[in-house]
Amino acid sequence: MEITIKGIEQEPHKQNISHLSQLFFEDVTVNWEEQKKGDLIVQFQLETMPSVVATATLEERSTGVKKEVLFSYPEFGKHDRELGMKLEKRVINHVYLSVLKQYTGMEQSWGILTGIRPTKLMHQMLRAGMARDEIHQELKEIYLVSEEKIALLERIVTRQLAVVPDLYELDRAVSIYIGIPFCPTKCAYCTFPAYAINGKNGSVESFLAGLHYEIEETGKWLREQEIPVTTVYFGGGTPTSITAEEMDALYEKMYESFPNMSMVRELTVEAGRPDTITPEKIAVLKKWNVDRISINPQSFENDTLKAIGRHHSVEETVEKYHLARSLGLNNINMDLIIGLPGEGTKEMEHTLKATEKLMPESLTVHTLSFKRASTMTKNKEKYKVASREEIARMMEMTSHWTDKQGYEPYYLYRQKNILGNLENVGYAFPEKESIYNIMIMEECQTIIGLGCGAASKFVEPGTGKITRFANPKDPHSYNERFEHYTQEKIKKLTELFGV
Ligand code: SF4
């Protein structure tokens, strides 16, 4: 499919139009030059004074069939340039989505919301003093979000505020993410910094020495400035890929360095790959009062696990889950993925039945996304995935199942190239929600990233303005310059907190 767009000059608007086009057509090229003739020609007309009004007229070249949509922003007074651009964007997206909807007959349940954090938008509206019904109306009429998704957003935001009542007041505290970039092997869909633990990508020992340094220096700064830590999260890679002794030394360093660990609301360690879990490592997690771990089946179909290169079996997931339980870990999360290659509703049903026998405290249900750098995307033709309709049915099955089991949705995010333009949802039993997941999604406080591939997100107290800083992804580069990265972050933190 080729679409020629006329009447749009601004680069950010062009990006949105390309993105929205992809929601409707799998293989689409968008042209901006007048002389190019696409299968569809969409002409925009935009007025910005005295109010923002846009019209999109779509013509199918082969038949001459025309569709037209006009939309004007309901309330519109004086505005600055930045706000003006935002309103323009909304109106342009609104008419474009509507005209494509008319032409294709396809529904887009998220409307023009293409960002990854729709719940953040709802929080912003609440913080701006909007009433719930006003928010509802704006999401429906301007953003074109479906009733069902609005209800989901409301449910999640309400849950988040029950779990973290002071969510909007935590901007002078921080959370900490620690990235361990090793895994037993690399999965086919993975784009995380994950290097084979026995590979040649820089030694584990030197990486851990750098990480100890980062923890010590950052902890010293936090103590001196009396900045409290809300949550700590070990991710990666698989943080349980290192030995029990290395884990023990690492947590000891964390307790020695960070201020007031007894006040930290949550300490999570991902133990995603069941093939890394041993009784010795569980004993270390218990020793250091780790609150929450993840053991990730992704699917309960052995053939799927093999196809995506997980290198562990369903039986091993179940065995390690019971081991962790029997040794006293009572807050276990499991990740599932909808739409893995070769899977449809039948396989999903099987996976949900298997999960029912385990009943982890929380579940994160991802929809497969084809990320640019993954092996799966590079060999896309090799991996057969379910149709958009089947993915939507699998999503629905999962959401009914979680409701039936008493799980509540508590966080949500979306990704580019996600199958069926759906979402990833975190569910939990009441009081078993991950506070870190809420903090990272809603961007209400700074997250300091330590270790490989760890991205720091600095949220300016008071304004919420976000800047980022990334540690290198590969252990080699990290090992060479960890001191530099640590000091850069401390400099940024000092500016941010005005100390
Ligand atoms: S276990 Fe997770 S981090 Fe490791 S390779 Fe697989 S998807 Fe990537």
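Placed above this text is the structure.
Residues numbered from 1 in each chain as written. Predicted model: local features only at pLDDT ≥ 70, side-chain atom pairs only at ≥ 80, totals over all residues. Heavy atoms only, no water.

A. Expanded view of the packing of helix 3 (residues 118-127) against helix 5 (residues 147-163). Between helix 3 and helix 5, whose axes approach to 10 Å, the crossing angle comes to 70°. Accordingly, the angle class assigned to the pair helix 3 and helix 5 is roughly perpendicular. Between helix 3 and helix 5 the crossing geometry is right-handed. Contacts between helix 3 and helix 5 involve P118, T119, M122, H123 and L126 from the first element and I150, L153, E154, I156, V157, Q160 and L161 from the second. For the contact of helix 3 with helix 5, a count of residues per class yields eight nonpolar, three polar and one charged. (Axes fitted to C-alpha atoms, helices over the stretch in contact; angles between N-to-C directions. Helix = DSSP H or I, 4+ residues; strand = E, 2+ residues; numbered from the N terminus. Parallel < 35°, antiparallel > 145°, perpendicular 65-115°, else oblique. Left-handed = near helix turned anticlockwise from the far one by under 90°. Contact = heavy atoms within 4.5 Å. Nonpolar A, V, L, I, M, F, W, Y, C, P; charged D, E, K, R; others polar.)

B. Quick look at the site of the ligand. Around the ligand sit C183, T185, K186, C187, Y189, C190, F192, A194, G237, T238, R273 and R310, and that is every residue in its neighbourhood. Per-class residue counts for the shell around the ligand are six nonpolar, three polar and three charged. (Near = heavy atom within 4 Å.)

C. Up close: the packing of helix 7 (residues 244-257) against helix 8 (residues 279-287). Taken N-terminus to C-terminus, the directions of helix 7 and helix 8 make an angle of 10°; their axes are 9 Å apart at the nearest point. Here helix 8 runs roughly parallel to helix 7, going by the angle between their axes. Between helix 7 and helix 8, the residues in contact are A244, M247, D248 and Y251 and E280, K281, V284, L285 and K287, respectively. Split into classes, the residues belonging to the contact of helix 7 with helix 8 amount to five nonpolar, no polar and four charged.

D. Region of the structure containing the packing of aromatic side chains. One pass over the structure, following the stated rule, counts 16 aromatic pairs. Centre to centre, the rings of Y407 and F429 are 4.1 Å apart; their planes meet at 10°, and the pair counts as stacked. Placement of the pair is Y407 in the loop between helix 13 (388-405) and strand 14 (408-413) and F429 in the loop between strand 15 (424-428) and helix 14 (435-442), with a sequence separation of 22 residues. Note on accessibility: Y407 and F429 belong to one class, buried. (Phe/Tyr/Trp six-rings, centres within 6.5 Å; stacked < 30°, edge-to-face > 60°. Buried < 20%, exposed > 50% of the residue type's maximum accessible area, 1.4 Å probe, protein only.)

By themselves, these figures tell us nothing about what the structure is for.
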